[in-house]
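This is what each chain is made of:
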Amino acid sequence: AQDTTVAWKGAPQWTNDDVQFKVRGRLLIDYVFQDVDRVAPLADYQTSNIRGRQAFLGVEGKLNNYIAYKAEGGAVNGGAWSWDDVVIEFKPNEWTSIMVGNIKAAGLENLTSTRFLSFMDRGPYGDMGPDSYLASVVAKANGLNWTLTGAIQGNSLNSGDVNNTAGANPGSKERIGYTVRGSYAPILTDMDKVHLGAFARYRNHGDESGFSFAGRPSTGYGDSGRYYTTGAIGDTDVTYGVEGAWVHNNFSVQGEYADIKVNRLKTVAAGGDPDVKVGYAFVSFWPTGESRNYDAAKGEFGRPKIIDPITAGGLGGVELLARYDYADLTDAYSTATTAAGKTLSQDAGKYKGWTLGANYYPTAYVRLQANYTSADIDNPGPGRDVKINQFQMRAQLDF
Amino acid sequence: AQDTTVAWKGAPQWTNDDVQFKVRGRLLIDYVFQDVDRVAPLADYQTSNIRGRQAFLGVEGKLNNYIAYKAEGGAVNGGAWSWDDVVIEFKPNEWTSIMVGNIKAAGLENLTSTRFLSFMDRGPYGDMGPDSYLASVVAKANGLNWTLTGAIQGNSLNSGDVNNTAGANPGSKERIGYTVRGSYAPILTDMDKVHLGAFARYRNHGDESGFSFAGRPSTGYGDSGRYYTTGAIGDTDVTYGVEGAWVHNNFSVQGEYADIKVNRLKTVAAGGDPDVKVGYAFVSFWPTGESRNYDAAKGEFGRPKIIDPITAGGLGGVELLARYDYADLTDAYSTATTAAGKTLSQDAGKYKGWTLGANYYPTAYVRLQANYTSADIDNPGPGRDVKINQFQMRAQLDF
Amino acid sequence: AQDTTVAWKGAPQWTNDDVQFKVRGRLLIDYVFQDVDRVAPLADYQTSNIRGRQAFLGVEGKLNNYIAYKAEGGAVNGGAWSWDDVVIEFKPNEWTSIMVGNIKAAGLENLTSTRFLSFMDRGPYGDMGPDSYLASVVAKANGLNWTLTGAIQGNSLNSGDVNNTAGANPGSKERIGYTVRGSYAPILTDMDKVHLGAFARYRNHGDESGFSFAGRPSTGYGDSGRYYTTGAIGDTDVTYGVEGAWVHNNFSVQGEYADIKVNRLKTVAAGGDPDVKVGYAFVSFWPTGESRNYDAAKGEFGRPKIIDPITAGGLGGVELLARYDYADLTDAYSTATTAAGKTLSQDAGKYKGWTLGANYYPTAYVRLQANYTSADIDNPGPGRDVKINQFQMRAQLDF
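Predicted model, so just to flag it, every value in this text is computed and none were measured.

Caption draft 1: Geometry of the overall build of chain A. Check the secondary structure of chain A and you find four helices and 22 strands. Against the compact-globule benchmark of 21 Å for 399 residues, chain A has a radius of gyration of 22 Å, which places it among compact chains. Counting only C-alpha atoms, chain A reaches 70 × 45 × 45 Å along its principal axes. Taking all 399 residues of chain A together, 60% fall into the buried category. Within chain A, counting contacts between residues at least 6 apart in sequence, those at least 24 apart form 63% of the total. Total accessible area computed for chain A in this model is approximately 14,000 Å², and 57% of it derives from carbon and sulfur atoms.

Caption draft 2: A look at the interface of chain A and chain C. Taken residue by residue, the interface counts 47 residues in chain A and 44 residues in chain C. For the pair chain A and chain C, the two sides together bury roughly 3,700 Å², of which 69% comes from carbon and sulfur. Our count for the contact surface shared by chain A and chain C stands at one salt bridge. With a shortest N-O distance of 2.7 Å, C:Arg51 and A:Asp161 are connected by a salt bridge. Where chain A touches chain C, the interface holds 13 residue pairs in polar contact (both at pLDDT 80 or more). Elements represented by at least two residues in the side of chain A that touches chain C include exactly β3 (20-38), β4 (45-62), β5 (67-74), β6 (82-93), β7 (96-103), β8 (134-142) and β10 (172-173) of chain A. In the side of chain A that touches chain C, the residues fall into 26 nonpolar, 16 polar and five charged. Across two bridges, the pairing between β10(A) and strand β4 (residues 45-62) of chain C is parallel. Its bridge partner being in β4(C), A:Ser172 is matched across the sheet by C:Thr47.

Caption draft 3: Spotlight on the pattern of salt bridges. Per the counting criterion, the structure on display carries 74 salt bridges over all chains. One salt bridge connects A:Glu243 with A:Arg181, and the closest N-O pair in it is separated by 2.7 Å. Of the two residues, A:Glu243 is situated in strand β14 (residues 228-248) and A:Arg181 in strand β11 (residues 176-188); the sequence distance between them amounts to 62 residues. In this structure A:Glu243 comes out as buried when scored by relative accessible area, which is 4%. A salt bridge links B:Lys70 to B:Asp85; the shortest N-O distance between them is 3.6 Å. Residue B:Lys70 is found in strand β5 (residues 67-74), and its partner B:Asp85 is found in strand β6 (residues 82-93); the two are separated by 15 residues along the sequence. Relative accessible area serves as the criterion here: at 27%, B:Lys70 is assigned to the partly exposed category. Note on B:Asp85: relative accessible area 13%, which makes it buried.

Caption draft 4: View of the relation of the copies chain A and chain C. You can overlay chain A on chain C at an RMSD of 0.0 Å; the transform is a turn of 120° with a shift of 0.0 Å along its axis. Taken together, the rotation and translation relating the two chain copies correspond to the operation of a three-fold axis. Mapped onto chain C, only 9% of the interface residues of chain A are again interface residues, and the two copies thus contact each other with different surfaces.

Caption draft 5: Summary view of the relation of the copies chain A and chain B. Least-squares fitting of chain A to chain B yields an RMSD of 0.0 Å, with the transformation described by 0.0 Å of translation along the axis and a rotation of 120°. With a heterologous cut-off of 20% or less, the 9% of interface residues of chain A that recur at the interface of chain B puts this contact in the heterologous class.

Caption draft 6: Highlighting the packing of aromatic side chains. Residues and elements named next belong to chain A. This structure, assessed with the given rule, holds 39 aromatic pairs over all chains. Sitting above the plane of the phenylalanine 211 ring, arginine 203 keeps its charged end 3.9 Å from the centroid. Its guanidinium or amino end placed over the ring of phenylalanine 119, arginine 323 lies 5.1 Å from that ring's centre, counting from NZ or CZ.

Caption draft 7: Up close: the interface of chain A and chain B. Taken residue by residue, the interface counts 43 residues in chain A and 47 residues in chain B. A combined buried area of about 3,700 Å² lies between chain A and chain B, and 69% of that area is made up of carbon and sulfur atoms. At the junction of chain A and chain B, the tally comes to one salt bridge. For the pair chain A and chain B, the number of links is 13 residue pairs in polar contact (both at pLDDT 80 or more). Those elements giving two or more residues to the side of chain A that touches chain B turn out to be β1 (5-8), β2 (12-15), β3, β4, β20 (350-363), β21 (366-378) and β22 (386-398) of chain A. A per-element tally of the side of chain A that touches chain B places β4(A) first, with eleven residues. Here the side of chain A that touches chain B is built from residues that sort into 26 nonpolar, twelve polar and five charged.

Caption draft 8: Inspection of the side chain of C:Arg24 at higher detail. All names here are of chain C. Among the secondary structure elements, arginine 24 is positioned in strand β3 (residues 20-38). Looking at arginine 24, the relative accessible area reads 5%, which means it is buried. A polar contact is formed between the side chain of arginine 24 and the side chain of glutamate 72, at a distance of 2.8 Å. Among all residues touching arginine 24, those that are not within four sequence positions of it are Phe56, Leu57, Gly58, Val59, Glu60, Lys70, Glu72, Arg115 and Phe399.

Caption draft 9: Up close: the pairing of strand β21 (residues 366-378) of chain B. Residue and element names in this part refer to chain B. Pairing geometry for strand β20 (residues 350-363) and β21, over twelve bridges, is antiparallel. Bridge assignment links asparagine 359 to a residue of β21, and that residue is glutamine 369. Strand direction decides the pairing type here: β21 and strand β22 (residues 386-398), joined by twelve bridges, are antiparallel. Residue pairing in the sheet places serine 374 in a bridge with asparagine 389 of β22.

Caption draft 10: Fine view of the environment of C:Gly220. Residues and elements named next belong to chain C. Counting through the fold element by element, glycine 220 comes out in the loop between β13 (211-215) and β14 (228-248). Accessibility expressed as a relative area gives 15% for glycine 220, which makes it buried. Spatially, the C-alpha atoms of glycine 220 and methionine 120 are 8.4 Å apart, while their sequence positions differ by 100 residues. Contacts of glycine 220, omitting those with residues within four sequence positions, involve Arg51, Arg53, Asp121 and Gln392.

Caption draft 11: The arrangement of the pairing of β6(B) in detail. Residues and elements named next belong to chain B. Note that β5 and β6 share seven bridges and pair antiparallel. Bridge pairing in β6 links lysine 70 to valine 87. Of the pairings in the sheet, the one linking β6 to strand β7 (residues 96-103) comprises six bridges and is antiparallel in character. Across the sheet, the residue bridging to valine 86 is asparagine 102, located in β7.

Caption draft 12: Geometry of unusual backbone geometry. Here the amide bond leading from B:Ala40 into B:Pro41 is cis, since omega sits at 10°, within 30 degrees of zero. In this fold, B:Pro41 is placed in the loop between β3 (20-38) and β4 (45-62). Look at A:Asn249: it is not a glycine, yet its phi comes out positive at around 50°. Considering the arrangement of structural elements, one finds A:Asn249 in the loop between β14 and β15 (251-264). For A:Asn249, a relative accessible area of 34% translates into the label partly exposed. Positive phi, normally seen in glycine, also occurs at C:Ser218, with a value near 55°. Its place among the elements puts C:Ser218 in the loop between β13 and β14.

Caption draft 13: Seen up close, a nonpolar patch on the surface. All names here are of chain A. Residues Ile98, Val137, Ile152, Tyr178 and Tyr202 make up a contiguous nonpolar surface patch of about 410 Å² in total accessible area. Examined against the element boundaries, valine 137 turns out to sit in strand β8. By relative accessible area, which is 37% here, valine 137 ends up partly exposed.

Caption draft 14: Focus on the environment of A:Gly25. Residue and element names in this part refer to chain A. Relative to the elements of secondary structure, glycine 25 occurs in strand β3. What makes glycine 25 buried here is its relative accessible area of 0%. When the C-alpha atoms of glycine 25 and leucine 315 are compared, they prove to be 25 Å apart, with 290 residues separating the residues in sequence. Those residues in contact with glycine 25, other than ones at most four positions away along the chain, are Phe56, Leu57, Glu72, Asp398 and Phe399.

What counts and what doesn't
Residues numbered from 1 in each chain as written. Chains lettered and ligands numbered in written order. Predicted model: local features only at pLDDT ≥ 70, side-chain atom pairs only at ≥ 80, totals over all residues. Heavy atoms only, no water. Helix = DSSP H or I, 4+ residues; strand = E, 2+ residues; numbered from the N terminus. Rg over C-alpha atoms; globule rule 2.2 N^0.38 Å. Buried < 20%, exposed > 50% of the residue type's maximum accessible area, 1.4 Å probe, protein only. Contact = heavy atoms within 4.5 Å. Areas by Shrake-Rupley, 256 points an atom, 1.4 Å probe, with all protein chains shown as cover. Buried area = accessible area lost by both parts, 1.4 Å probe. Salt bridge = Lys/Arg side-chain N within 4 Å of Asp/Glu carboxyl O. Polar contact = N/O pair within 3.5 Å; in protein donor to acceptor, adjacent residues only side chain to side chain. Nonpolar A, V, L, I, M, F, W, Y, C, P; charged D, E, K, R; others polar. Pairing = 2+ DSSP bridges. Least-squares fit on C-alpha atoms with pLDDT ≥ 70 in both. Phe/Tyr/Trp six-rings, centres within 6.5 Å; stacked < 30°, edge-to-face > 60°. Lys NZ or Arg CZ within 6 Å of the ring centre and 35° of its normal. Patch = residues over 30% accessible without salt bridge, like charges linked within 9 Å, V, L, I, M, F, W, Y side chains within 5 Å.

This is the structure:
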């Protein structure tokens, strides 16, 4: 029999010196309203939905001091069950881990859990910057104020096998990627925290469809690429990304930028090799005095500590936010040399979006969010420009 | 560290004054046999399947005295994972709660968990009366013998986003509904309990397909609408429903009735505005002496208490049942003014069904059920009448 | 309140004399490389994927000494959620159980959990020998060294209902099967354990598609039947299978063989009634001294005990393996009497495959596996022969 102590983290976490176990999960319920203006003769329209953003169940545990596991996933809005984090972790020592599973490797906001993002969604940088969860082998080393990560990555654990063996020209190698990322916190005081990071990535699309660079207007609603996309033009690509954040007490700024050097898949559309550029910057301010919770040993942000939660008779915490998102896909259009390639990339435009946000935290495990986004998409194809006004709200609880 | 006590409710429930956590789930495995008689030249046929009715995993917990959560879902018979209960609950005080998630708002049998229904399935009233789980915001107040509920409701958390933005006439507003329900128990003694309830509901189909009024013959097997359906004729509707139940020791009666005033979606089929009428009544008798477990503070029935379970060396509990189901969709046919509209509503008939049932409970968490249903469907289209004899059994366990 | 003790089995298991509960799950992440040689003009090709083999969450519990439950399932590679083990178990006494759910009934390797197989996958015998999980009612009796099982089986809990009621000739009876299996351990000492077993099975395809006898080359990757299959030719079948294993300290041998006597579904392809023959044999050797963990009271193998796990400062356990797989489907081709039937069964060939394997267990709950398979498929259709070289690796953790 094992004696364990129980810590309550939304749900019980059983721990002793060797082992650990916790059931985990999250519920993110959204309301989304979108007002879409298009160029005549395309009609304008409005959308509205009450929908799930994430409804997850999962577990996390430690078998012993060397081996840990995590698995969490769910399904919403008619989609199939899909896994988020799935990790088998080997820890030869306290500062090193080798992980196999469905794992993210790079990007400050990308690595930060959706539960702890300041905004409701990541914007174009999340849609086409560093990769989200991929079936990977990842090695990670860290110190108190730095991290270094290397990853070999296939496609997502949730994507079907590449199995196109029936055709005249069979071949079924999965896409493959290699990512390295480093982060460093040169300043790490009670009052000030500075995060610097960078990543590089090479990818080859293998026998899967070519890489497409596409996104949504800072929301989880709707089809990625409905309003801006290059089409599936990427054979291989090399990406360089930089990250920066400065937390000063209850004020913080954060930004990331990536340049994706695309090697064009000429069998799809002839032409030159475009660059895709994407980035964002935002400011956060907590009138109730909280600080965004930077974890320098992980190189990401975690759960905020609420100073005066309702469980202590307080009023909870409030965060106010403003953000600018930018993506430039226009090279995909200008380097296309055929009419079909121009049509494929007719929506490969410039995305510029402003988002204002407010979060209310009754406790650290629950929040209500509201985001207003105004996005302007200047697409190169004739009559393809889109303006979007979008209002979203979320009720979130995790455990 | 948190000290908690453990209560065993099929699975451990950890509790203290502030927090609570339990893993929950259920397994309902069915055998269904159906004998279908149709009008020549349509062929008669028989069906039989061993199948899952529900196989669910989930969790429930309390973060503190003000905030609770629940999520439970599963998948059977080749269907995708879908959520049942998903709730983030805010409780400003003991008698009030505001809930966001996938929630039901009205109807005595509808609100009663499938685990605790006397019959294996709800019948036409469950198929087309009050809405099942919908992505909603729900406010509820209650006393010891009354409840009052108001809900704003989209579509199910499991339904895909409305996203029909590509066509010539785009529009993607989700269906919206408003429901209010009240319940009151004028008599609440050890020997007798009387439940009275009523609900009203307005719905608009938005940019989704029109509301269809359709059902199955008191089973979870088969396609809803295969034997009786109005077709997707509803633009908006207003529904009034009433509920009544009387528990007298080991004897009880229960019934509900609703009138759905449908505003016809004339772009689908021209015609007048039909009324859909649907209801049921049943009697229950426990020869082993148990009482159906009415919870007046919730306005629904809960888990029965078995007097002499096998765990106490007893023989378990037995419930015997008889039920009448009725639905009248004929207005949909008679108000249709075009041949196409008549064909669309050719199966908008009168459903009359008798069900006999028996339940055996070895303990309160396990039961074996058998239901026999004889249903007669008198459809208005020529040669569309159907007679169904159906026998079903279930093994059920929940925790 | 219930006092329970906690045993750590990858995750906490709460137990007392009456009740039990544990959250369970498993993560099996694979890399698969296949090199496929075909007869010209069909092209050769190579495949590679990082993929999930199983990612499961589940629970198991005991309500009391008479009733237990288990449910475990998951989703990977774009597939829908599907259940593995789903069981409601009634135990009238210690040596008897009646189970309802998604259950396996026969076959030594088939009954052994994928977590505890010596090889990464079961080979053709697993693909077309005894049935995997089916929605069933199963009765089982056992002593210390014998088991006897009888099962009535529909299709899987994950398969859609048979519901082909719309056609001119409707009929929707699910497939049905009856299986009996016995096992006996004539020798059961610390040093030597001998397992003998046999099963017989009758199946009728009902109104589902005819039984197809098809497999993969000892892997979970790829479509079953891509390289060898009879096509859906089976109306009913009768199967006799035998099982044997001998564990001598750290050395063991195991083999199974089945003869499937197929009654041809003549509405699909005319002809005589073929026999399908399938079997395997393997040897296992643990240089680190462990023994494969035979459980004579269950008639299957369980989790190995690692003598010197890394948690005790050791190096873990190593198992080395060699295996031969054989399947002969050729009767399906030779008994077909029409050209269409010959084409349907053009890949009904002889499968012969060798697999070498190595497993490394840091602890009993984690393992790394590597399998190399060389398979030769001699198909009767002209130009349909296939040679496969396959290398697979797995990281596995269960709890």
